[in-house]
Amino acid sequence: MSQAKSWHGVDRDELDWFPSLDYDKCSGCGLCALTCGNNVFGWVRSEGKPRVANPKKCVVGCTTCARVCPEDAITFPSDPKDFVRKVVIRYKIFPTVKKELEVRLSTFPDHAVHQQTASVREAEMP
Ligand code: SF4
Ligand code: SF4
């Protein structure tokens, strides 16, 4: 079954961004499965190890699970910035990103931060 979704106008199935697991390193701690909010990992009870069950649900450019893995058992196809940069150049996504941002701001007006508020927040930072 296809898990395709558009990523800023690009068919998600065309983007090979998802984690790979090294089972020789994986200790089965479970942190990756609990950390990912996108249900990318399934859990194999009989093995006590994760599986990449929904690879195309992985957020393009995200590496959070690899960062929290204590055994360095999770890798990605390339550096995330390089990957995203190549996608940006190849698919010219920014006009779509701008439109999506406008839709977001009109749907959630509270996401627009006014300059004065931003300055106050910056001044409050330690
Ligand atoms: S976080 Fe790393 S060690 Fe823990 S279950 Fe996931 S892959 Fe295995
Ligand atoms: S990189 Fe992010 S979205 Fe992808 S599987 Fe890991 S935590 Fe989930």
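Now for a description of the structure that goes with this document. Predicted model, so just to flag it, every value in this text is computed and none were measured.

So, how was this worked out
- Residues numbered from 1 in each chain as written.
- Chains lettered and ligands numbered in written order.
- Predicted model: local features only at pLDDT ≥ 70, side-chain atom pairs only at ≥ 80, totals over all residues.
- Near = placed C-beta within 6 Å.
- Nonpolar A, V, L, I, M, F, W, Y, C, P; charged D, E, K, R; others polar.
- Helix = DSSP H or I, 4+ residues; strand = E, 2+ residues; numbered from the N terminus.
- Expected span 1.5 Å × (residues − 1).
- Buried ≥ 20, exposed ≤ 12 C-beta atoms within 10 Å, placed from the backbone.

A word on the site of ligand 2
The immediate surroundings of ligand 2 are formed by Pro-19, Thr-35, Cys-36, Asn-38, Val-40, Cys-58, Val-59, Cys-62, Thr-63, Thr-64 and Cys-65. Across the shell around ligand 2, the residue classes tally to seven nonpolar, four polar and no charged.

Remarks on helix α3 (residues 80-91)
Here α3 contains 12 residues, and its C-alpha end-to-end distance of 16 Å stays within 8% of the 16 Å for a straight helix at 1.5 Å per residue. Where burial is concerned, little of α3 is hidden: zero out of the 12 residues are buried. Backbone geometry just after α3 places Lys-92 at a positive phi near 50°.

Focus: the environment of Val-44
In this fold, Val-44 is placed in strand β4 (residues 41-44). You can call Val-44 exposed: it has 12 C-beta atoms within 10 Å. Placed 16 residues apart in sequence, Val-44 and Gly-28 show a C-alpha to C-alpha distance of 9.9 Å.

Some thoughts on the site of ligand 1
The full set close to ligand 1 counts 14 residues, and Cys-26, Cys-29, Leu-31, Cys-32 and Cys-69 are the nearest of them. Tallied by class, residues from the shell around ligand 1 come to 10 nonpolar, three polar and one charged.

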